[in-house]
Amino acid sequence: MPKNELTQMLYGGDYNPEQWPEESWDDDLKIFKNTQINSITINVFSWSLLQPCEEKYDFSKLDKIINKFSNAGFKIVLATATAAMPAWMFKKYPDVARVDYQGRRHVFGQRHNFCPSSPNYQRLAKQLVTQLTKRYADNEQITVWHINNEYGGYCYCNLCQQEFRKWLKNKYHSVNELNRAWNLNFWGHTIYHWDEIVVPNELGDAFGPENSDTAVSGLSIDYRRFQSDSLLKLFQMEKEIIEFHNDKVLVTTNFHGTPNPDLDYFKWAKFQDIIAYDSYPTYDTPAYQTAFLYDLMRGIGNGRPFMLMESTPSQVNWQNYSPLKRPGQLQAQELQAVAHGANTVQFFQLKQSVGAQEKFHGAVIAHSGKQNTRVINEVKQLGKTLQHVGPQLLQTTTQNKVAIIFDWSNLWAVNYAAGITKDLDYLASVLDYYRALYEMNIPVDIIGVDSDFSHYKLIIAPMLYMVKENLGSKITNFVENGGKFITSYFSGLVDETDNIYLGGYPGPLKKVTGLWVEETDAILPESVIKIKFNDGLSADGTLLSDLIHLERASALAYYDSEFYQGTPAITKNIFGKGESYYLGSKLDNKSLKHLFKTICQDQNDSLSITNYQYSSLELCKRVTAKTEYIFILNLSNQAEKIPTSIDLNKYETLLNTDKNSSNSIKAWNVMILKRNRLISD
Amino acid sequence: MPKNELTQMLYGGDYNPEQWPEESWDDDLKIFKNTQINSITINVFSWSLLQPCEEKYDFSKLDKIINKFSNAGFKIVLATATAAMPAWMFKKYPDVARVDYQGRRHVFGQRHNFCPSSPNYQRLAKQLVTQLTKRYADNEQITVWHINNEYGGYCYCNLCQQEFRKWLKNKYHSVNELNRAWNLNFWGHTIYHWDEIVVPNELGDAFGPENSDTAVSGLSIDYRRFQSDSLLKLFQMEKEIIEFHNDKVLVTTNFHGTPNPDLDYFKWAKFQDIIAYDSYPTYDTPAYQTAFLYDLMRGIGNGRPFMLMESTPSQVNWQNYSPLKRPGQLQAQELQAVAHGANTVQFFQLKQSVGAQEKFHGAVIAHSGKQNTRVINEVKQLGKTLQHVGPQLLQTTTQNKVAIIFDWSNLWAVNYAAGITKDLDYLASVLDYYRALYEMNIPVDIIGVDSDFSHYKLIIAPMLYMVKENLGSKITNFVENGGKFITSYFSGLVDETDNIYLGGYPGPLKKVTGLWVEETDAILPESVIKIKFNDGLSADGTLLSDLIHLERASALAYYDSEFYQGTPAITKNIFGKGESYYLGSKLDNKSLKHLFKTICQDQNDSLSITNYQYSSLELCKRVTAKTEYIFILNLSNQAEKIPTSIDLNKYETLLNTDKNSSNSIKAWNVMILKRNRLISD
Amino acid sequence: MPKNELTQMLYGGDYNPEQWPEESWDDDLKIFKNTQINSITINVFSWSLLQPCEEKYDFSKLDKIINKFSNAGFKIVLATATAAMPAWMFKKYPDVARVDYQGRRHVFGQRHNFCPSSPNYQRLAKQLVTQLTKRYADNEQITVWHINNEYGGYCYCNLCQQEFRKWLKNKYHSVNELNRAWNLNFWGHTIYHWDEIVVPNELGDAFGPENSDTAVSGLSIDYRRFQSDSLLKLFQMEKEIIEFHNDKVLVTTNFHGTPNPDLDYFKWAKFQDIIAYDSYPTYDTPAYQTAFLYDLMRGIGNGRPFMLMESTPSQVNWQNYSPLKRPGQLQAQELQAVAHGANTVQFFQLKQSVGAQEKFHGAVIAHSGKQNTRVINEVKQLGKTLQHVGPQLLQTTTQNKVAIIFDWSNLWAVNYAAGITKDLDYLASVLDYYRALYEMNIPVDIIGVDSDFSHYKLIIAPMLYMVKENLGSKITNFVENGGKFITSYFSGLVDETDNIYLGGYPGPLKKVTGLWVEETDAILPESVIKIKFNDGLSADGTLLSDLIHLERASALAYYDSEFYQGTPAITKNIFGKGESYYLGSKLDNKSLKHLFKTICQDQNDSLSITNYQYSSLELCKRVTAKTEYIFILNLSNQAEKIPTSIDLNKYETLLNTDKNSSNSIKAWNVMILKRNRLISD
């Protein structure tokens, strides 16, 4: 039986009335109404108020809040409040706190610091959520249950150690298999009993900053999987309680980070009724990186619209520098999320707190309490826009033909790879490719290794170092059946426990790429390896360069310096009905776009919204079966030209944006265009 | 009954004869006499020698030292030796050692590392000081008792945790009040019992390097107050013992740092019979920063002369680079302290140690033991100078009309403020203003928030982020009664537990400044915000820029770039008989001096010694009722011109300095001028 | 009864067949044979396989390995496998793990982390080695026993603390003597009982990163001596067991680092039958630094040939950047070791591991398993070269006339010296001098303070800060008897427990240098002190500059800037039949070579292979009584000219290198020349 769906775009965000006098609530409510805010997220950090001691709950204030805002017609996102444990709990049950990477048990403080293996934490969280759901399950204004908050971080305590051993036993069955999987004979790490396994923190096999280095990569990668799974079990525990009382309401937790490296969000996403994301670009985050994160959030949810659950209406207190948003910037940045598939626009926060850590984080209602502020006026403007376009967009989806693979296990494995250059960076490599496509206005899905490949024309897997079982043949089949596939240096090297595929790189991708790599040179920082394309283009390679032996592939470009000058640098392999491409070095942005254009242009239909006309604007598409919406976003502080390949006359303009004579769009302005879909789409 | 006062300028410093054979003492004494040294500071780190085990004291060597040097007429500064605990004490009573910010109990080692809450430390220190005072209280050569040494650093042990809870209970009376004061509902930190409070180290609410970041600023700020108070209680405990045996002798401890951020020196100063300061500028410390610290030491002592208790006769071993002092540099730098109010010139140290940590710290008697060294000759020269000018200067004071506010609670609060720029730096902001005045030769007092404002014409409070109860109205009254007041961005934001004053910044300073601030932009490093004065001057703002709404104030300058171009940047508010000024951004040095000149010039009398003629020399004034002494210090390695506005013919020259035809003063030379005071002073 | 000697140059390296299926061993063996590899190093990290639990040993697989490769004629370097403890050992005996500098007991993980004072570790290691030697002592293919692996690192546990107290008692006999030796009265550290001494980690007297800073240098230096000795005792324990079963076989352990600062290798070398070294220059290590390390390894072994026990045939996984070796680079770099005295060429490793920490470390057999790789071809080429030249070189030695002193106690002492510049760096200072000689083609021995000085014409002791008892008179005698001696700033300051020699620097070197130093200026980074030689050369001094008083010495150069302009900077003292030189500042490389040329040229015979003609090539000499071999190594990526002073016609050319018309040698090429020795050599 399917769950409810959002019936309107939520516009609102985090609100903590329990931190304010009750007398002030009506004033707040009036401002919310006045700015088109229709939703509040509450109860995120209220555990200590709801449960003053183990024996006692007190929901009186929460009742009042929920009643007031339900009655006023607000959609409520109700948090379960398990993210910050009360002081008394640390005192009474010290095991609820984590042991850190340095081996130290923590005490009361901070937040998001519960040990996932602590039976006391589990029991007390369970009881709280049970109380909450029993009490509020039937309130129909509660649209989404928000479990915990921004899960992340790891624990290294004895309880986790015990649970880890069980997790391993369940996965590997025998210590011999574990010894093989982690190659434990290396450095004499062979074990004979499960209880010889210790957690990989600074006292054991790990070293360097947390999650940076390890003597046993198999161990450390599995520990990250285990911790991700352990936190996920907590989420599932809470979710089951909620669903026991209400099996229709949406349940989620909020993802975060750029992205958060701690949790395998593809795995977590399976358990979310709707993906929710907290988005905090800094003043100097390039727009394409934010776009990537939104595409990732849509991607982990299999293309479903997601919630923009947190974003700032003004400044962020914890970033190094947080200049004010320029006029229009708020709307443009929030609509960027919508353009990529967000169906909510939610702020952290609605009211600026009076004290403690985040008091300088911007909010709709600032410390001044005044109603006619610049920020409130911008929020109100955006509210009107959403009221106008929201209902049309709510049922739209995206249908892209190009995908980039992103994989958390690979992120972890590359991270631990003690390779021949310290500059390996999986995310940066993926972003290189994403950026080139973004600048070519080619809309992209970010998919996982377990995603369905069948509806893509082109799949790109940069630095796909770890290729788990069956993934090689899945890719091979994709190409055989007509897909195009691009991969790069440092791909196809290891299996899922980080053991090398012997017999030549790129292991299970050798067949589909039609080549093997004998050696890989490390390119020094500030240096380049020259590359020459067959069509004459000169390019720069950096980071690494593979010394490639062609088997069935042919070369598109050759190295043009160093002792391996004249050997293949970029190759193409026609395989079955498809093609696969291999990049032996990290290409400069311009040459990468040149290569993509070559690869993409011989598609029957254009993959790019602008037919490969570059632009400083961001272009996005959301569609229904019959209609398409084009977002043109100026995410810069100056006017930018609209690509001539977009014929504005063919569209209806939804947002009241000036189309001036020079056909440019002002700083931080947004156009939303609409037309019937063409048959060829 | 008033205490004794210094009857002569002490010239001498730290001396550790107990580390040397007794046979060598006479040679040392001869060198001291020969260089005009008249005082020794002894017994600073002798606890382990004085008390070989808990049951036994041995004062035999100290007796000999005190006898020899008393008999030879030396003034003695006698330390109580409680700063470095003997090894046996750590072994017998592990709780005397501190638990550090990382949560670890330390063992024997280092110094200055006693837990302030340890009953064992307290008892043993008390007993030692009792023994010492009983024995030496009547020695009239002991001019100053020097308690402990350079107090500082914090402890995070369970005993401190218990004492902290008592301290809080005493301050806040109820947990509800504490919850409110620290805004503990934020992140669900609400507590219900005093024993739920834990110390804010890395295992609890603090993070980052020690004293840098915290989730609960109210907690962390109060913990610093508590630790400062706890160490102060130790000081008071020792002082009471001394005064019980001799209520006339001066008692003090030596302050240090630039300044030491750990202790609220304004609070500590109240308990010092005379302020003592250890001064260690590095080779690249600008002279104005050293001047600021001397003015601060005079300021915390309410204008009284202070002791320059430590300074180096040569090099400093622990600084990154310590070039030799150039010829004349020693005298010039020591007289800088005198010019700002020092009545002693004391060195660390008189004799260079043979081994361990500080053996490369310079001394009067070097490792060579030779008597005709460059350093000894410079020391002798300074000794003669002091013999000449000391008696005249001993009773002089300073009488300045301009003050800058400096406040330790504000230092702590700004430090923890997680704001919209990471570049907030309270001390640097204060120094910006100090430097401008220094370069304009305007003598300044550094005062605290509790100081008497009434005898100043101009008070400056840069970045006065924390405005505790009543301070707003104290400032308002000061202006109302005719004072001029200058404040800046990031002022008036929070109360003394770091909760925001709601209703618009700058909170309690809104009335006197006649404006409110809606938002504050973060200016990126390497960027500036353009500012245009009404009189045409173009200036650069950095760090932050406030978006100001004028209420009663008028604008002196406007922003001249960004979307808030044309809005007020610097304002003036005529209020009562006075004026207050607000700077919305951090002004460049040149423009700040321009502004100061504008503000100061319409005083009836000039505040600047040179009538605002700039100079690379440092100018200071010490006065008696009838006489004034002008110090002209060349603190650079090249000759500098004397400002023409100083008519040397009107002064008697005390120091035998060449006045050459070009009226310049040689590198590292000093002039001291004297004349009768004018009636207008 | 002398031990066996190497009867052939070993060519091979680390090999871990136990990590691979037995079926693969024959393929490996075939590749080894094919590349002239004649030796394997095995069993380095096999403890956990050999001993699955305390009660059980299993040598079945090791038997097979040793049998197979013995039978195939391979020389075996057999490791004792005590470097990596099995997991069960940590579990059963937690005390086998070290306590770290932060005070934390470690758990199972990593390697090289046994506590040297743990009775459990000692007992279990002893038992393992006893089993191994009983079993394999008679195998004649086992040419070298390789004890443990790359000893290093320190422990700070209670057991070490107890042993340290015993070690101190044995050295100092009384606490009074210890108090004097460490100058413990400073900062009141005086102790009265041995058990008041605590280990110098971060909880006690040390601070900063490990081994960087300490309050009590005597303590910290002695702790390093103690830890070095403690690990050496473990080595000796194993060695005695081996020798009990076979008193002919060579026994060693492998030294490492640049060099490893943890162990006093001069002391350790006395117990090695042959010195073994693991050499890992990075891509940007200047060739002279690698040469220095080889000379050091020859030097600690009193001039005996050494084993190049580890080096990479390709890339290194743990360095920041590890580009591929260019064609010829492998042979050139391995022969550099041979040129400096290596009698083995051994790789880490023969076969690339499939998983864990070092899987990207290059190997002879790569992951591809292919036999016709670029690396294997280069290895084969080198194998042939060694087969050709090895037998001739095996009995050669070096006979140099110039030596540089290097001393671990001095390294430690300078490291802890809290001086007037933070840039003190003993190794860098030694390398300054080494580099100048290297560029002048003057072959150098690196000797210790206890080495025999008598067969050198020139001994250089840069920054010889610590001059232990009798060393001063040893140097004085050397000069008196006709030697030349060069020393520098920051020499002769302290005795072996880091107490200053009073009476003027350079203490015990005052007499031989004929001067004393009153003060030392710190030269700021980016600054220089100008120096002018008597012969007109202008030079730059950096780091420090001593203010020198000549007593019997005369000046060769004077300072030419600052207030001490015109005072001596570089001096010469004719003393007895010899001469000694003192450099008051750190000379630039060009001027240092100028000075060396001046000092060396008046030798009767030339010390330089090229008679002081500089060259970018590296030149080395190995000799027998009648024959000399000149190595000309081009260790760069471009062709370089052969110095004209080498008349190639007078030599036989051993390596088949092109002598082209321009008399240059190609990138990464090597010539080995041979001729009869001249009588004058």
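Residues numbered from 1 in each chain as written. Chains lettered and ligands numbered in written order. Predicted model: local features only at pLDDT ≥ 70, side-chain atom pairs only at ≥ 80, totals over all residues. Heavy atoms only, no water.

Novice: Got a minute to help me understand the pattern of salt bridges in this structure?
Specialist: Counted under the stated rule, the structure contains 116 salt bridges over all chains. If you follow the salt bridges from partner to partner, you end up with K3, K239, E243 and D273 of chain A in one network. (Salt bridge = Lys/Arg side-chain N within 4 Å of Asp/Glu carboxyl O.)

Novice: Teacher, can you tell me more about the relation of the copies chain A and chain B here?
Specialist: Relating one copy of the chain to the other takes a rotation about an axis and a shift parallel to that axis. Expressed as a screw operation, the relation of chain A to chain B combines 0.1 Å of axial shift with a rotation of 120°, fitting to an RMSD of 0.1 Å. Read as a symmetry element, the transformation amounts to a three-fold axis. (Least-squares fit on C-alpha atoms with pLDDT ≥ 70 in both.)

Novice: How do you make sense of the interface of chain A and chain B when you look at a structure like this?
Specialist: How large an interface is tends to be reported as the accessible area lost when its parts come together. Chain A puts 51 residues into the contact, and the matching count from chain B is 54 residues. Taking both sides of the interface into account, the surface hidden between chain A and chain B amounts to around 4,700 Å²; carbon and sulfur atoms contribute 57%. Taken as a group, Q110, Y321 and F360 of chain A account for 16% of the area that chain A buries against chain B, more than any other trio of residues on that side. Scanning the region where chain A abuts chain B turns up seven salt bridges. (Contact = heavy atoms within 4.5 Å. Buried area = accessible area lost by both parts, 1.4 Å probe.)

Novice: When you look at helix α17 (residues 589-601) of chain C in this model, what are you seeing that I'm missing?
Specialist: Owing to its 3.6 residues per turn, the α-helix brings residues three or four apart onto one side. Taking 1.5 Å as the rise per residue, α17 of chain C with 13 residues should run 18 Å; its terminal C-alpha atoms sit 18 Å apart, in good agreement. Of all the residues in α17 of chain C, the buried ones are S591, L592, K593, L595, F596, I599 and C600 of chain C. (Helix = DSSP H or I, 4+ residues; strand = E, 2+ residues; numbered from the N terminus. Expected span 1.5 Å × (residues − 1). Buried < 20%, exposed > 50% of the residue type's maximum accessible area, 1.4 Å probe, protein only.)

Novice: Could you clarify how one ought to interpret the environment of G103 of chain A in this entry?
Specialist: Residues and elements named next belong to chain A. Along the chain, G103 turns up in the loop between α4 (87-92) and α5 (119-136). Looking at G103, the relative accessible area reads 32%, which means it is partly exposed. Separated by 564 residues in the primary sequence, G103 and A667 have C-alpha atoms spaced 50 Å apart.

Novice: Any chance you could explain the side chain of N317 of chain A here in plain terms?
Specialist: Within the secondary structure, N317 of chain A sits in the loop between β10 (306-310) and α11 (329-339). For N317 of chain A, a relative accessible area of 2% translates into the label buried. A distance of 2.9 Å separates a polar atom in the side chain of N317 of chain A from the backbone oxygen of Q357 of chain A. A distance of 3.5 Å separates a polar atom in the side chain of N317 of chain A from the backbone oxygen of A418 of chain B. Setting aside chain neighbours within four positions, we find N317 of chain A in contact with Q357, E358, F360 and H361 of chain A together with A418, G419 and I420 of chain B. (Polar contact = N/O pair within 3.5 Å; in protein donor to acceptor, adjacent residues only side chain to side chain.)

Novice: What is the right way to look at helix α13 (residues 408-416) of chain B in this model?
Specialist: Residues and elements named next belong to chain B. Of all nine residues in α13, eight are buried; the element is thus mostly enclosed. If you check which residues of α13 are buried, you get W408, S409, N410, L411, W412, A413, V414 and Y416. Lining the buried residues of α13 we find β6 (213-214), α8 (217-245), α9 (265-269), α10 (287-300) and α14 (426-439). N-capping of α13 is provided by D407, with a side-chain oxygen placed 3.1 Å from the backbone N of N410.

Novice: Mind showing me how you'd approach the packing of aromatic side chains here?
Specialist: Think of a pair of aromatic rings as described by two things: how far the centres are apart, and how the planes are tilted against each other in angle. Tallied over the entire structure, the rule returns 141 aromatic pairs over all chains. A centroid spacing of 6.2 Å and a plane angle of 45° characterise the contact between Y465 of chain A and F360 of chain C, whose relative ring orientation is tilted. In this pair, Y465 of chain A is assigned in the loop between β14 (458-461) and α15 (471-480) and F360 of chain C in the loop between β11 (342-347) and α12 (374-393), connecting two distinct chains. The class for Y465 of chain A is buried, based on a relative accessible area of 0%. A relative accessible area of 8% places F360 of chain C in the buried class. Relative to W268 of chain B, the ring of F235 of chain B lies with its centre 6.1 Å away and its plane at 45°, an arrangement referred to as tilted. Of the two residues, F235 of chain B is situated in helix α8 and W268 of chain B in helix α9; the sequence distance between them amounts to 33 residues. (Phe/Tyr/Trp six-rings, centres within 6.5 Å; stacked < 30°, edge-to-face > 60°.)

Novice: Sorry, what's going on with the sheet that holds strand β7 (residues 250-252) of chain A here?
Specialist: Paired through their backbone hydrogen bonds, the strands of a sheet run either parallel or antiparallel. Residues and elements named next belong to chain A. In spatial order, the strands read β7-β4-β3-β2-β1-β11-β10-β9-β8; together these nine strands make up an open sheet with parallel pairing. The open sheet has two edge strands, β7 and β8 (254-255), and neither has a second partner. Relative to strand β2 (residues 39-42), strand β1 (residues 10-14) is paired through three bridges, and the arrangement is parallel. Its bridge partner being in β2, G12 is matched across the sheet by S39. Across the sheet, helix α10 (residues 287-300) is in contact with β8, β9 (276-278) and β10; its angle to β10 comes to roughly 130°. Helix α12 (residues 374-393) rests against β1 and β11 (342-347) of the sheet, and its axis sits at about 160° to β11. (Pairing = 2+ DSSP bridges. Axes fitted to C-alpha atoms, helices over the stretch in contact; angles between N-to-C directions.)

Novice: Could you clarify how one ought to interpret the side chain of H146 of chain B in this entry?
Specialist: Tracing the sequence through the fold places H146 of chain B in strand β4 (residues 142-146). Apart from the residues lying within four places of it in its own chain, the contact partners of H146 of chain B are T41, V77, L78, A79, T80, T252, N254 and M309 of chain B.

Novice: What should I look at first to understand the packing of helix α10 (residues 287-300) of chain C against helix α14 (residues 426-439) of chain C in this one?
Specialist: All names here are of chain C. The contact between α10 and α14 brings their axes to 10 Å, and the two run at 100°. If you check the angle between α10 and α14, you find them roughly perpendicular. Counted together, A287, Y288, Q289, A291, F292 and D295 of α10 and L427, V430, L431, Y434, R435 and Y438 of α14 form the full contact between these two elements. When grouped by side-chain class, the residues that make up the contact of α10 with α14 number nine nonpolar, one polar and two charged. (Parallel < 35°, antiparallel > 145°, perpendicular 65-115°, else oblique. Nonpolar A, V, L, I, M, F, W, Y, C, P; charged D, E, K, R; others polar.)

Novice: I tried to follow the domain arrangement of chain A on my own but got confused; where do I start?
Specialist: Residue and element names in this part refer to chain A. Its domain assignment divides chain A into domain 1 (10-96 + 112-154 + 229-393), domain 2 (158-221), domain 3 (402-600) and domain 4 (618-676). Of note, the centres of domain 1 and domain 2, computed from C-alpha atoms alone, are 36 Å apart. The interface of domain 1 with domain 2 comprises nine residues on the first partner and six residues on the second. Between domain 1 and domain 2, the buried area comes to about 500 Å², and carbon and sulfur atoms account for 60% of it. On the domain 1 side of the interface with domain 2, the three residues burying the most area are S117, Y154 and D229, jointly 63% of the side's total. Where domain 1 packs against domain 2, one counts zero salt bridges. Applying the counting criterion to the domain 1 and domain 2 interface returns one residue pair in polar contact (both at pLDDT 80 or more). For the side of domain 1 that touches domain 2, a count of residues per class yields four nonpolar, two polar and three charged. (Domains from an automatic or database assignment.)

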